[in-house]
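The residues making up each chain are set out below.
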Amino acid sequence: MRVYHERLWVPVSWLLLGLLVVVLLSAELSAGAEILIAGTGLARFAWPIGTGVYVVIIGLFAVLMLNWGRARVEITGTVLTAAGAALPLAAAGEVTALDQRQTRALRGPRADPSAFCLIRPYLREAVYIAVTDRSLGQPYWLVATRHPARLAAAINGSRPAARTGDAAVG
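The residue numbering used here restarts from 1 in each chain and proceeds along that chain's sequence as written. Local features are withheld for residues below a pLDDT of 70 in this predicted model, meaning they are given only at 70 or higher, and side-chain atom pairs are given and counted only at 80 or more; totals for whole chains, interfaces and linings count all residues. Heavy atoms from the whole structure form the basis of all side-chain values; hydrogens and water molecules are not counted.

1. A closer look at the overall build of the chain
In this description a helix means any DSSP run of H or I spanning at least four residues, a strand means any run of E spanning at least two, and both kinds are numbered starting from the N terminus. If you tally the helices and strands in the chain, you get four helices and eight strands. Its helices and strands taken in sequence order, the chain reads β-α-α-β-β-β-β-α-β-β-β-α from the N to the C terminus. Restricting the calculation to C-alpha atoms gives the radius of gyration, and the globule rule supplies 2.2 Å times the number of residues raised to the power 0.38. Here the chain has a C-alpha radius of gyration of 22 Å; the compact-globule value for 170 residues is 15 Å, and the former is much larger. With the C-alpha coordinates aligned to their principal axes, the bounding extent of the chain is approximately 75 × 35 × 30 Å. Whether two residues are in contact is decided by their heavy atoms, any of which lying within 4.5 Å being enough. Sequence-distant contacts, at least 24 apart, represent 72% of the contacts inside the chain between residues at least 6 apart. Looking at the chain as shown, the accessible area adds up to about 9600 Å², and 63% of this sits on carbon and sulfur atoms. Here the open area of atoms and residues is found with the Shrake-Rupley method and a 1.4 Å probe, where only the protein chains shown may cover a residue.

2. What about the pattern of salt bridges?
The term salt bridge refers to a pairing of a side-chain nitrogen on Lys or Arg with a carboxyl oxygen on Asp or Glu at a separation within 4 Å. Within the structure shown, the criterion is met by one salt bridge. Measuring nitrogen to oxygen at the nearest pair gives 3.1 Å for the salt bridge that ties R2 to E74. You can see R2 sitting in strand β1 (residues 2-7) and its partner E74 sitting in strand β2 (residues 72-76), a full 72 residues away along the chain.

3. Focus: the nonpolar core
If you look at the biggest cluster of nonpolar residues, it comprises 33 residues, and the most contacted ones within it are L80, I129, W141 and I155. Secondary-structure elements contributing two or more residues to this core are α2 (46-69), β2, β3 (79-82), β5 (92-98), β6 (116-118), β7 (126-131), β8 (140-144) and α4 (148-164). The greatest single-element share of this core, amounting to five residues, is contributed by α4. Setting aside its immediate chain neighbours within four residues, I155 contacts I75, L80, L89, V95, V127 and I129. What is meant by a nonpolar core is a set of buried Ala, Val, Leu, Ile, Met, Phe, Trp, Tyr and Cys residues, joined one to another through side-chain atoms within 4.5 Å. Note on exposure labels: buried denotes an accessible area under 20% of the residue type's maximum, exposed denotes more than 50%, and partly exposed covers the range between, all computed with a 1.4 Å probe on protein chains only. Counting residues in hydrophobic clusters, the runner-up holds eight residues, among them A115, A126, Y128 and Y140.

4. Some points on the sheet that holds β7
What links the strands of a sheet is backbone hydrogen bonding, and the strands pair in either a parallel or an antiparallel sense. Whether two strands pair comes down to DSSP finding at least two bridges between them. Pairing is mixed across the open sheet formed by four strands, whose spatial order is β5-β7-β8-β6. Each edge of the open sheet carries a strand with a single partner, namely β5 and β6. Adjacent strand axes in the sheet meet at a mean angle of 10°, parallel and antiparallel pairs treated alike. Axes, fitted as lines to C-alpha atoms, cover a helix only where it is in contact. Angles between the N-to-C directions of the axes lie from 0 to 180 degrees. Across the sheet, α4 is in contact with β5, β7 and β8; its angle to β5 comes to roughly 165°.

5. Comments concerning α4
Given the number of residues in a helix, its expected span is that number minus one, multiplied by 1.5 Å. For α4, with 17 residues, the first-to-last C-alpha span of 25 Å sits near the 24 Å given by 1.5 Å per residue. We define the bend at each residue as the angle formed by axes fitted to the 7 residues ending at it and the 7 residues starting at it. Remark: the principal bend of α4, roughly 30°, maps to S158, with a proline, P160, within the next four residues. Within α4 the residues assigned to the buried category are P148, L151, A152, A154, I155, S158, R159, A161 and A162.

6. Focus on the packing of aromatic side chains
A pair of aromatic rings is counted whenever rings of Phe, Tyr or Trp (Trp by its six-membered ring) have centres within 6.5 Å, and the orientation is called stacked for planes under 30 degrees apart, edge-to-face for over 60 and tilted otherwise. Applying the stated criterion across every chain, the model contains five aromatic pairs. Summarising the aromatic geometry, the rings of W14 and W68 are spaced 6.2 Å apart at their centres and angled 65° between planes, so their arrangement reads as edge-to-face. Taken together, the residues W14 in helix α1 (residues 12-38) and W68 in helix α2 connect sequence positions 54 residues apart. In this structure W14 comes out as partly exposed when scored by relative accessible area, which is 35%. Accessibility expressed as a relative area gives 23% for W68, which makes it partly exposed. What links up through ring pairs into an aromatic cluster is the set W14, W68 and Y122. In our convention, an over-ring charge means Lys NZ or Arg CZ found within 6 Å of a ring centre and within 35 degrees of that ring's normal. Of note, R7 hangs over the ring of W9, and the distance from its end group to the ring centre comes to 4.2 Å.

7. Observations regarding the sheet that holds β3
On the basis of which strands lie adjacent, the open sheet formed by four strands has the order β1-β2-β3-β4 and antiparallel pairing. Each end of this open sheet is capped by a strand with a single partner; those strands are β1 and β4 (85-88). Averaged over neighbouring strand pairs, the angle between their axes works out to 10° when direction is ignored. Bridge count for β2 against β3 is four bridges, and the pairing is antiparallel. Looking across to β3, one finds that I75 is bridged to L80.

The analysis is restricted to geometry; functional conclusions fall outside its scope.
Next comes the structure, spelled out in structure tokens:
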């Protein structure tokens, strides 16, 4: 049973602004390539190279945005899954919904390099999950989300069933 699900899509404003920047960069690189080619006697190849520059750079941008946006945060039964990594909720300790300032501190100067972090630059809030099972090798999880209070509540609501071994959460 799925208790919580969120896909961390890239906001449309980031896509539009990024596309504008990528098109301007492609135009600059394409013009530079055409100037270099013009002096070599290969001027008839200028437009395919210019088009290739656009295709490659815009393609790389699209792959980057799709990769960022495919991450999912999900609670199913007794497991929290974030971007493919799984944390048994029986090993979850303190759970805290963080505001922007707290999130910035935990993903910056106060970060532990051995912690699991699923962060995205366009998500400013996160949930802190302490890990009580030291055999997992992670002191905590920091999971970015658009709904930190809802995610924290879902984790706290699913932990009792995880600790008793009951996969059915009500």
